[in-house]
Amino acid sequence: MAELTGLRKGTLFRNKNGLIPIEKNGVVAFYPIQNGSGSTIYDESRNNRNANTQGGSWATAPWGQAWDYGNNNSGNYIDTGYNAGDLGIGGDNPRTIVSWFYQYTNDTSSSGGNAGIWQVGSTGTNNEDYSLRQLSQTSNQFRVQLWGSNDQDFTYGSTDQWIMGTLRGGNGSITCFMDDNEKASTSVNLNTTNGNNLKFGVWQSDYLNGIAGPSFVYNRKLSNQEIINIYNKTKP
């Protein structure tokens, strides 16, 4: 069966300014995280790739609702149930993942802030991972985690604020944005595997102390301007 892209007919996104259209070309999964009840996170793309929460609770957010992993999180995350191959973003295929997240300041968990914004792929072999994670919450350090010498480390922002993390990759390169700021890039041939499903709020066994906001998966590399447009349309 051919991969469906785009959004369900009539799907719009609510931000502080009301209902707005979202860039739909190439969307293979879209999680507004706004239903506000139950344990299912609904996919508003045409593929019905609904995700499941693994602990946590609904919380109020600028968009209406969001999923709160909890402060001092000890095991809560969102599991889409779909791996890179399912999503068409395996190997060095073009892709862009966009995800809003919120970090709590008070973090006394065992992960010490060394937590995932999302994870997909495998660890242990160069360039088989395709994840974005914290390195240190207190110093606002992040890592594009590909596994190996092509990992990209940077600092950005602060705790207790919403940030839009974007990782664009495939066809020989990756670029990472935080909000509308380009923070890291390198030439690399990705080899993203099917080892881990796409999960939000975790990397390996390190869980994010914070909140999950709207998240998008594209099977193409968005342009810089498209990323900036998404940020401007969806920012709190």
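Residues numbered from 1 in each chain as written. Predicted model: local features only at pLDDT ≥ 70, side-chain atom pairs only at ≥ 80, totals over all residues. Heavy atoms only, no water.

Draft legend 1. Spatial organisation of the sheet that holds strand 17 (residues 196–200). If you trace the 8 strands from one edge of the open sheet to the other, you get 4-5-8-17-10-11-12-13, paired in antiparallel fashion. In this open sheet, the two strands that pair with only one neighbour each are strand 4 (40–41) and strand 13 (152–155). Of the strand pairs in this sheet, strand 5 (residues 51–54) and strand 8 (residues 77–79) are connected by 3 bridges, and their pairing is antiparallel. Paired with threonine 53 across the two strands is isoleucine 78, which belongs to strand 8. (Pairing = 2+ DSSP bridges. Helix = DSSP H or I, 4+ residues; strand = E, 2+ residues; numbered from the N terminus.)

Draft legend 2. Examining the pairing of strand 11 (residues 131–136) more closely. The buried fraction of strand 11 is high, at 5 of 6 residues. Pairing of strand 10 (residues 116–121) with strand 11, which is carried by 2 bridges, proceeds in the antiparallel orientation. Note on strand 11: the bridge partner recorded for tryptophan 118 is leucine 132. Sheet topology note: the strand 11/strand 12 (residues 141–145) ladder contains 5 bridges and is antiparallel. Counterpart to leucine 132 in the pairing with strand 12 is valine 144. (Buried < 20%, exposed > 50% of the residue type's maximum accessible area, 1.4 Å probe, protein only.)

Draft legend 3. Highlighting the confidence of the model for the protein. Looking at the protein as a whole, the pLDDT averages 88, with 86% of positions reaching at least 70. A low-confidence stretch, residues 6–12 stays under pLDDT 50, and its non-local contacts, those more than four residues away or across chains, total 22 contacts. (pLDDT = per-residue confidence, 0-100. Contact = heavy atoms within 4.5 Å.)

Draft legend 4. Local environment of the side chain of glutamate 226. On the secondary structure map, glutamate 226 appears in helix 2 (residues 224–234). Discounting residues that sit within four places of it in the chain, glutamate 226 has contacts with Glu23 and Arg220.

Draft legend 5. Quick peek at the pattern of salt bridges. Inspection of the entire model under this criterion finds 2 salt bridges. In this structure, the salt-bridge partner of aspartate 153 is arginine 143, at a minimum N-O distance of 2.7 Å. Here aspartate 153, found in strand 13, pairs with arginine 143, found in strand 12; they are 10 residues apart in sequence, far enough to count as distant. Taking relative accessible area as the criterion, aspartate 153 reaches 46% and is therefore assigned partly exposed. Between glutamate 226 and arginine 220 there is a salt bridge; the shortest N-O distance is 2.9 Å. In this pair, the class of glutamate 226 matches that of arginine 220, namely buried. (Salt bridge = Lys/Arg side-chain N within 4 Å of Asp/Glu carboxyl O.)

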